[in-house]
Amino acid sequence: MEDMYMNEAKKMIDDFIDLAFHRLETSMSDREKSFESIRQLHKTRDTLIHKDPKDTTYSVENIEWLTIAEFTPQRGKEKIQEFIATWQFENSWLYCVDFLHEEDHEFDKRYFYRLKWSIPTRRMPIPRATASVYFTYVVSKIRPPDSPVEVFYVFETNRLIHKPGLSRFREMWLKDIIESKVKMINAVTF
């Protein structure tokens, strides 16, 4: 079951990365044609991706991610743990980070990690269900070595692809995943 979720998360992120490369290839010449299109692109990014600097109702914390030259699978794992430390969640949650595998593509290498969450208790030290978050590092082969690696993550059962620093973690997302799994387990009778 977990392999199915991992494959789905991997496919979603791969599709997103491929779409981004495709958009970059096809729209680069269009953007260079006029100053107006560049200004419009900047305006669109400000309204869609970045939050209003005057809005102080919440903050999205981020960390300093690795550069292409600094990246190793072990350092990638450490950076995920450092990033998770910025999230706000109850102390009862436990998690572990696993390096899954790497893939070699024409213009980049992709490194896949799974962050598995659970809430063990004294009565139930082995939880009935877990929630996974899948992280992907995209390490470019064509950018300068001092460029940062790209990082994406997706919550199991969700299609929204997150980028660090652009969305705020919600503990409820993990609870929803676990609750849906427990409901499904309870519905199955042998």
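Just so it is clear, the structure is predicted and the values come from calculations on it, not from any experiment.

About the criteria used
Residues numbered from 1 in each chain as written. Predicted model: local features only at pLDDT ≥ 70, side-chain atom pairs only at ≥ 80, totals over all residues. Heavy atoms only, no water. 1 Å grid on protein atoms, 1.4 Å probe; cavity = no way out; pocket = protein on both sides within 12 Å on 5 of 7 lines; lining within 4 Å. Points joined across faces, edges and corners; volume = space filled by probe spheres on them. Helix = DSSP H or I, 4+ residues; strand = E, 2+ residues; numbered from the N terminus. Nonpolar A, V, L, I, M, F, W, Y, C, P; charged D, E, K, R; others polar. Salt bridge = Lys/Arg side-chain N within 4 Å of Asp/Glu carboxyl O. Buried < 20%, exposed > 50% of the residue type's maximum accessible area, 1.4 Å probe, protein only. Expected span 1.5 Å × (residues − 1). Arc of directions from axis to C-beta.

**Student:** So what exactly am I meant to see when it comes to empty space enclosed by the protein here?
**Tutor:** Sizing a probe to match a water molecule and rolling it over the atoms shows the empty space that remains. Under the counting rule described, the total for this entry stands at one cavity of 30 Å³ or more. Every residue lining the largest cavity is listed: Met 6, Ala 9, Lys 10, Ile 13, Leu 100, His 101, Phe 112, Tyr 134 and Thr 136. If you list the elements that add at least two residues to the lining of the largest cavity, you get helix H1 (2–33), strand S1 (94–104) and strand S3 (131–140). Per-element tally for the lining of the largest cavity: the top contributor is H1, with four residues. Taken together, the residues of the lining of the largest cavity sort by class into six nonpolar, two polar and one charged.

**Student:** What exactly am I supposed to notice about the environment of Pro 144 here?
**Tutor:** Topologically, Pro 144 is positioned in the loop between S3 and strand S4 (150–155). Spatially, the C-alpha atom of Pro 144 lies 7.7 Å from that of Ile 68, the residues being 76 residues apart in sequence.

**Student:** Honestly, the pattern of salt bridges in this entry has me stumped. Any pointers?
**Tutor:** Opposite charge on two side chains allows them to pair when their charged atoms are near. Counted according to the given criterion, the structure contains 12 salt bridges. The partner of Arg 110 in a salt bridge is Asp 14, with the nearest N and O atoms 3.0 Å apart. Note that Arg 110 is positioned in strand S2 (residues 108–118) and Asp 14 in helix H1, a separation of 96 residues in sequence. On the accessibility criterion, Arg 110 (2% relative accessible area) is buried.

**Student:** Where do I start with helix H3 (residues 73–84) in this structure?
**Tutor:** Working note: α-helix, 3.6 residues per turn, so residues spaced by three or four point in the same direction. Taking 1.5 Å per residue, 12 residues should reach 16 Å; H3 reaches 17 Å between its end C-alpha atoms and fits that length. Taken together, the buried positions of H3 are Gly 76, Lys 79, Ile 80, Phe 83 and Ile 84. Down the axis of H3, the smallest arc covering the buried residues is 140°, so these residues share one side.

**Student:** What should I look at first to understand the layout of surface pockets in this one?
**Tutor:** A volume near 220 Å³ is recorded for the second largest pocket. For the second largest pocket, the full set of lining residues is Ser 59, Val 60, Glu 61, Phe 83, Thr 86, Trp 87, Gln 88, Tyr 153, Ser 167, Arg 168, Phe 169 and Arg 170. Tallied by class, the residues present in the lining of the second largest pocket amount to five nonpolar, four polar and three charged.

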